[in-house]
Amino acid sequence: MIYSELIAATANTVTTVSWSPKTAIVMIICNIVMFAVGKFVIQKPNVGPAPNTFLGMSLAALIGTACLGHIVGAGVILGLANVGTL
C-alpha cells in the first residue's frame, strides 16, 4: 500500500521538455565538449576505419564521442528541465 502511494506521488513530478532552440544549443555544446574531451583523452584516436575523418580522429572515435556527447546532453537537458532553468 505504501509503495503505490510513493509511486503515485513521484509519477506527478516528472518534467519533460519539448524541443526548442535552447535544448538544441545545450545538446550542441555538450557534443562540442565531448569532442574536445575525446580528442585529448583517446590514446590512439586515429586508429580504425576511415582515419582522419574529423578533428584527426577515426570514424570509430568520432562515433564514440558523438554517442557520449548525446548521452551527456540528454542528462544535462533533463537536469536543467528538472531545476526549471530550461
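Residues numbered from 1 in each chain as written. Predicted model: local features only at pLDDT ≥ 70, side-chain atom pairs only at ≥ 80, totals over all residues. Heavy atoms only, no water.

**As for helix H3 (residues 59–83)**
At step 1: Taking 1.5 Å per residue as the helical rise, H3 with its 25 residues ought to reach 36 Å, and the 36 Å between its terminal C-alpha atoms agrees with that figure.
At step 2: Within H3 the residues assigned to the buried category are Ala-61, Leu-62, Thr-65, Gly-69, Gly-73, Ile-77 and Ala-81.
At step 3: Contacts made by the buried residues of H3 are with helix H2 (21–41).
At step 4: A positive phi of about 100° marks Gly-84, the residue just after H3. (Helix = DSSP H or I, 4+ residues; strand = E, 2+ residues; numbered from the N terminus. Expected span 1.5 Å × (residues − 1). Buried < 20%, exposed > 50% of the residue type's maximum accessible area, 1.4 Å probe, protein only. Contact = heavy atoms within 4.5 Å.)

**Things to note about a nonpolar patch on the surface**
At step 1: Together, Ile-25, Ile-29, Val-33, Val-37, Phe-40 and Val-41 make up an exposed nonpolar region whose accessible area comes to about 600 Å².
At step 2: Along the chain, Ile-29 falls in helix H2. (Patch = residues over 30% accessible without salt bridge, like charges linked within 9 Å, V, L, I, M, F, W, Y side chains within 5 Å. Areas by Shrake-Rupley, 256 points an atom, 1.4 Å probe, with all protein chains shown as cover. Salt bridge = Lys/Arg side-chain N within 4 Å of Asp/Glu carboxyl O.)

**Quick word on the packing of H2 against H3**
At step 1: Contact pair H2 / H3: the axes reach a minimum separation of 8 Å and the direction vectors enclose 140°. If you check the angle between H2 and H3, you find them oblique. For the element pair H2 and H3, the recorded crossing hand is right-handed. Touching Thr-23, Val-26, Met-27, Cys-30, Asn-31, Met-34, Phe-35 and Gly-38 of H2 are Leu-62, Thr-65, Ala-66, Leu-68, Gly-69, His-70, Val-72, Gly-73, Ala-74, Val-76, Ile-77 and Leu-80, all from H3. (Axes fitted to C-alpha atoms, helices over the stretch in contact; angles between N-to-C directions. Parallel < 35°, antiparallel > 145°, perpendicular 65-115°, else oblique. Left-handed = near helix turned anticlockwise from the far one by under 90°.)

**Digging into the packing of aromatic side chains**
At step 1: Counted under the stated rule, the structure contains 1 aromatic pair.
At step 2: Their ring planes at 70° and their centres at 5.8 Å tell us that Phe-35 and Phe-54 sit as a pair that is edge-to-face. Highlighted residues: Phe-35 in helix H2 and Phe-54 in the loop between H2 and H3, separated in sequence by 19 residues.
At step 3: On the accessibility criterion, Phe-54 (41% relative accessible area) is partly exposed. (Phe/Tyr/Trp six-rings, centres within 6.5 Å; stacked < 30°, edge-to-face > 60°.)

**Focus: the UniProt feature "transmembrane region" (unreviewed entry) in the chain**
At step 1: Here, the residues flagged by UniProt with the feature "transmembrane region" (unreviewed entry) are residues 24–42 and 54–81.
At step 2: Measuring from the first to the last C-alpha atom of residues 24–42 gives 26 Å, for a span that is 95% helix and 0% strand.
At step 3: Helix makes up 82% of residues 54–81 and strand 0%, whereas the separation of the span's terminal C-alpha atoms amounts to 32 Å. (UniProt positions renumbered as here; feature names shortened; annotations may be inferred.)

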